[in-house]
Amino acid sequence: MLHALEFLGDFPSKTLISSIPHPTTVANPVVTDLTVCIFSPAVSPSTCELNPRQWHRIEKELYLYTSQQSAWLYVALANEERLAAEDLLVMDITVGERLSNPSSGYTWESRPGGIWVLRRKFCGKIDQAVTEVDVLFGADAVDPRPQWTLMRSSLQLNAQLEVPVAKLSILRGRVKPRLDVRAALRVREDGKFKIVQISDTHMVTGVGVCKDAIDAHGKNLPESEADPLTVDFIGKILDVEKPDLVILTGDQLHHDISDSQSALFKVVAPIIERSIPFAAVFGNHDSEGIHALPRE
């Protein structure tokens, strides 16, 4: 549901920022390695032999809790301030096929899940080194965070076909502060301020299924991928209305979805791509389900 509203007169000036934190237990982290561990029902992930002081589990089960097995991505982190010249840092990651070897003589190293990593010794700078790794799900996954790069190819996990694929997203260096700081919200020169309200997008993990779509004449359409249609529709509305502010007013997510972050990123990506300020409130569905992100 979308509404475009125009307001006349004054509007309080306020800058609105929305983000999802990605906490880590290492100060100034730099990625030194990563791997995928797959556990059978008889072997708990808590029995993993990786050193917990060095290796940190990304808290997203790669099969999305659809298999008797469980699979987790583990990332080895080091503190930038404690790096030594002989320490190896991850400089690049690819999934599926390794790239050609760099001229420096360093080679790509294979990891489970079809992952290839390129590591080099610390040279005093981390500008090109990988500093964070995340997992997003779905063929339609997007990562609108500045400086993050989402891998095109999905992890090779032999999951069931109906399970949304898992993709790696990486950050190199540190997030640079924005130089083009957006001005506070203000009324336009013509005295108007336009708000687009978006509600009940009900995004899911993966593309989802739209079972009750209709065309411009009210005729039923065949079942189709739901979320890509919604994202495309939001983008078209934003291009037509060109709002000063977008308000998300609840049920951005469907209930009982397996990864809230992937679904939320799809909702906000068209807004972020157009550099439109936005704010959100939650509906009853946004935090429902045992795998949903809490409202906090």
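Within an unreviewed UniProt entry, the label attached to the chain reads Calcineurin-like phosphoesterase domain-containing protein, and the organism entered is Lepraria finkii.

**Section: the overall build of the chain**
The helix and strand tally for the chain stands at two helices and 15 strands. Within the chain, counting contacts between residues at least 6 apart in sequence, those at least 24 apart form 73% of the total.

**Considerations on the nonpolar core**
With 28 residues, the main nonpolar core has Leu34, Leu62, Leu73, Ile93, Ile115, Val133 and Leu168 as its most contacted residues. Listing elements by their share of this core, those giving two or more residues are strand 2 (29-39), strand 4 (70-79), strand 5 (88-95), strand 7 (115-121), strand 8 (130-137) and strand 10 (166-172). Those residues in contact with leucine 62, other than ones at most four positions away along the chain, are Val36, Ala71, Trp72, Leu73, Val135, Phe137, Leu155, Leu157 and Ala166. One finds Val204, Val246, Leu253 and Ile271 within the second-largest nonpolar core, a separate group that totals 17 residues.

**Overview of the sheet that holds strand 9 (residues 148-150)**
One open sheet holds the three strands; their spatial order is 8-10-9, and the pairing between them is antiparallel. Both outer strands of the open sheet, strand 8 and strand 9, are each paired with one neighbouring strand and no more. Strand-to-strand twist of the sheet, defined as the mean angle between neighbouring strand axes without regard to direction, takes the value 25°. Two elements, strand 9 and strand 10, share three bridges in a ladder whose sense is antiparallel. Each bridged residue has a counterpart across the sheet, and for tryptophan 148 the counterpart in strand 10 is leucine 171.

**Regarding the pattern of salt bridges**
According to the stated counting rule, one finds 18 salt bridges in the structure shown. In this structure, arginine 111 and aspartate 33 form a salt bridge, with 3.0 Å as the shortest nitrogen-oxygen distance. With arginine 111 in strand 6 (residues 108-111) and aspartate 33 in strand 2, this residue pair connects regions lying 78 residues apart in the sequence. For arginine 119, the salt bridge identified is with aspartate 33, shortest N-O distance 3.7 Å. Note that arginine 119 is positioned in strand 7 and aspartate 33 in strand 2, a separation of 86 residues in sequence. With respect to burial, arginine 119 and aspartate 33 carry one shared label: buried.

**Looking at the packing of helix 1 (residues 226-241) against helix 2 (residues 260-273)**
It is at 9 Å that the axes of helix 1 and helix 2 come closest, and there the two elements cross at 25°. In this view, helix 1 runs roughly parallel relative to helix 2, as classed from their interaxial angle. As helix 1 packs across helix 2, the resulting crossing turns out to be right-handed. Across from Asp227, Val231, Ile234, Gly235 and Leu238 in helix 1, the residues of helix 2 making contact are Lys266, Pro270 and Ile271.

**What to know about unusual backbone geometry**
Unusually for a residue other than glycine, tyrosine 65 sits at a positive phi of about 60°. With respect to the helices and strands, tyrosine 65 occurs in the loop between strand 3 (55-57) and strand 4.

**Section: the confidence of the model for the chain**
Scored by pLDDT, the chain comes out at a mean of 87, with 88% of its residues at no less than 70. Low pLDDT (under 50) marks residues 6-23, which in the prediction has 37 contacts with non-local residues, meaning those over four places away or in another chain.

**Concerning the environment of leucine 157**
Mapped onto the elements, leucine 157 comes out in the loop between strand 9 and strand 10. In sequence terms leucine 157 and alanine 71 are 86 residues apart; their C-alpha atoms lie 8.4 Å from each other. The contacts of leucine 157, once residues within four sequence positions are left out, are Val36, Leu62, Tyr63, Gly113 and Ala166.

**Quick look at the packing of aromatic side chains**
Aromatic ring pairs are defined here through the distance separating the ring centres and the angle between the ring planes. This model, assessed by the stated rule, comprises zero aromatic pairs. The ring of tryptophan 72 has arginine 57 lying over it, and the distance from NZ or CZ to the ring centre is 3.7 Å. Seen from the ring of tryptophan 148, arginine 145 lies directly overhead, with NZ or CZ sitting 3.8 Å from the centre.

Conventions and cut-offs
Residues numbered from 1 in each chain as written. Predicted model: local features only at pLDDT ≥ 70, side-chain atom pairs only at ≥ 80, totals over all residues. Heavy atoms only, no water. Helix = DSSP H or I, 4+ residues; strand = E, 2+ residues; numbered from the N terminus. Contact = heavy atoms within 4.5 Å. Core = buried A, V, L, I, M, F, W, Y, C linked by side-chain atoms within 4.5 Å. Buried < 20%, exposed > 50% of the residue type's maximum accessible area, 1.4 Å probe, protein only. Pairing = 2+ DSSP bridges. Axes fitted to C-alpha atoms, helices over the stretch in contact; angles between N-to-C directions. Salt bridge = Lys/Arg side-chain N within 4 Å of Asp/Glu carboxyl O. Parallel < 35°, antiparallel > 145°, perpendicular 65-115°, else oblique. Left-handed = near helix turned anticlockwise from the far one by under 90°. pLDDT = per-residue confidence, 0-100. Phe/Tyr/Trp six-rings, centres within 6.5 Å; stacked < 30°, edge-to-face > 60°. Lys NZ or Arg CZ within 6 Å of the ring centre and 35° of its normal.

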